[in-house]
Amino acid sequence: MKRIIFFILTLSVFCVQAQVEEPADTTRTLYFVDGDSIPVPEIVLEPVYIFQPLKFNDRKERIQYYILRRKTIKVYPYAKLAAERLVQLNERLEQIESKRKRRQYTKRLQKYMEEEFTEELKKLTRTEGQILVKLIHRQTGVTTFDLVKELRSGWRAFWYNTTASMFDISLKEEFHPESVHEDYLIEDILQRAFAVNRIPRQPSVLDYDYATLTNKWANRQ
């Protein structure tokens, strides 16, 4: 179990293409003072969400939510780290022409991550490991199974998924807050935590809108 969880994080760093962020809006508005036009850059603000009060049908549902919140907040930094290291890796590799030096750099980064985070990852439970798999998909857009497949071949991907299933972890798990209620709750937990600066914000690479999701799930309940 411990080796599988560490494998999940390290593979996410080395096997997918980094998302290219859209350039900031540089549109300028012209203000006229005494007949002269003065260009002033527009300020692009982050969206502000008005969160609905949390509602639970019973005490059990409330407890389950808070357990999910604790575990999500715990594993989110690892998924965020994976996405950041992925960007770092791709930016650095673009500057390295030699395949041998590329491999050397990748190994150094992998060793750093192993030394820095292995002990913490060993402490994750099964459910925390599954949440981590979902969040890695949220942050990178690629499943852990596909990461293994790209690096270790299809057979090893199948083997690792079979082994993980013994611990109730599917490496093929994706993050679908639009159709899976637990995934929506995870997104809700993250957005609330972002709003109070409990955890650093990192946008998902997946295509969904939190406000739209909130309205959708509120109407279903």
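The protein carries the name DUF4294 domain-containing protein in an unreviewed UniProt entry, which gives Zhouia spongiae as its organism.

Attention shifts here to the confidence of the model for the protein. Counting all residues, the mean pLDDT for the protein is 77, and 67% of those residues have values of 70 or more. Confidence, expressed as mean pLDDT per element, reaches its minimum in the protein at strand β1 (residues 28-33) with 50 and its maximum at helix α6 (residues 181-195) with 95. Segment residues 15-27: pLDDT under 50, and 18 contacts once partners within four positions in sequence are set aside and those in other chains are kept.

Inspection of every chain in the model, using the stated rule, returns 7 aromatic pairs. Ring centres of Phe 56 and Tyr 65 lie 5.4 Å apart, and the angle between their planes is 55°; on these two criteria the pair is classed as tilted. The pair formed by Phe 56 and Tyr 65 is uniform in burial state, with each residue classed as buried. Aromatic side chains Tyr 184 and Trp 217 sit 6.1 Å apart centroid to centroid with 25° between the ring planes, which places their arrangement in the stacked category.

This part takes up the pattern of salt bridges. Under the criterion given, the structure shown has 6 salt bridges. With a closest N to O distance of 2.6 Å, Asp 183 and Lys 134 form a salt bridge. Linking Asp 183 in helix α6 with Lys 134 in helix α4 (residues 126-140), this pair joins segments that are 49 residues apart in sequence. Comparing Asp 183 with Lys 134 shows no difference in burial state: the two are buried. Residues joined in a network through salt bridges with shared partners are Lys 134, Glu 182 and Asp 183.

What follows concerns α6. When the terminal C-alpha atoms of α6 are compared, their 21 Å separation across 15 residues agrees well with the 21 Å that a helix rising 1.5 Å per residue should span. Listed as buried for α6 are Asp 183, Tyr 184, Ile 186, Glu 187, Asp 188, Ile 189, Leu 190, Gln 191, Ala 193 and Phe 194. Just downstream of α6, Asn 197 is the residue with a positive phi angle, here 60°.

The next thing to look at is the packing of α4 against α6. Two elements in contact, α4 and α6, have axes separated by 12 Å at closest approach and are oriented at 70°. On the basis of the axis angle, α4 is roughly perpendicular to α6. Contacts from Ile 131, Lys 134, Leu 135 and Arg 138 in α4 reach Glu 182, Asp 183, Ile 186, Glu 187, Leu 190, Gln 191 and Phe 194 in α6. For the contact of α4 with α6, a count of residues per class yields 5 nonpolar, 1 polar and 5 charged.

This next bit is on the side chain of Thr 140. Position of Thr 140 relative to the elements: it lies in helix α4. Residue classification places Thr 140 among the buried residues on the basis of a relative accessible area of 10%. Polar side-chain contacts of Thr 140 include one of 2.7 Å to the backbone oxygen of Ile 136.

Bringing the packing of α6 against helix α7 (residues 210-220) into the picture now. Between α6 and α7, the shortest axis-to-axis distance is 11 Å and the interhelical angle comes to 130°. When the axes of α6 and α7 are compared, the pair comes out oblique. Our pair here, α6 against α7, has a crossing hand that is left-handed. For the pair formed by α6 and α7, the contact residues are His 181, Tyr 184, Glu 187, Asp 188 and Gln 191 on the first element and Tyr 210, Leu 213, Thr 214 and Trp 217 on the second. Residues belonging to the contact of α6 with α7 are distributed by class as follows: 4 nonpolar, 3 polar and 2 charged.

Our focus in this paragraph is unusual backbone geometry. Across the chain, the bulk of peptide bonds are trans and the bulk of non-glycine residues have phi less than zero. Located in the positive-phi region is Asn 197, a residue other than glycine, with phi close to 60°. For Asn 197, the location among the structural elements is in the loop between α6 and α7.

Rules used throughout
Residues numbered from 1 in each chain as written. Predicted model: local features only at pLDDT ≥ 70, side-chain atom pairs only at ≥ 80, totals over all residues. Heavy atoms only, no water. pLDDT = per-residue confidence, 0-100. Helix = DSSP H or I, 4+ residues; strand = E, 2+ residues; numbered from the N terminus. Contact = heavy atoms within 4.5 Å. Phe/Tyr/Trp six-rings, centres within 6.5 Å; stacked < 30°, edge-to-face > 60°. Buried < 20%, exposed > 50% of the residue type's maximum accessible area, 1.4 Å probe, protein only. Salt bridge = Lys/Arg side-chain N within 4 Å of Asp/Glu carboxyl O. Expected span 1.5 Å × (residues − 1). Axes fitted to C-alpha atoms, helices over the stretch in contact; angles between N-to-C directions. Parallel < 35°, antiparallel > 145°, perpendicular 65-115°, else oblique. Nonpolar A, V, L, I, M, F, W, Y, C, P; charged D, E, K, R; others polar. Polar contact = N/O pair within 3.5 Å; in protein donor to acceptor, adjacent residues only side chain to side chain. Left-handed = near helix turned anticlockwise from the far one by under 90°.

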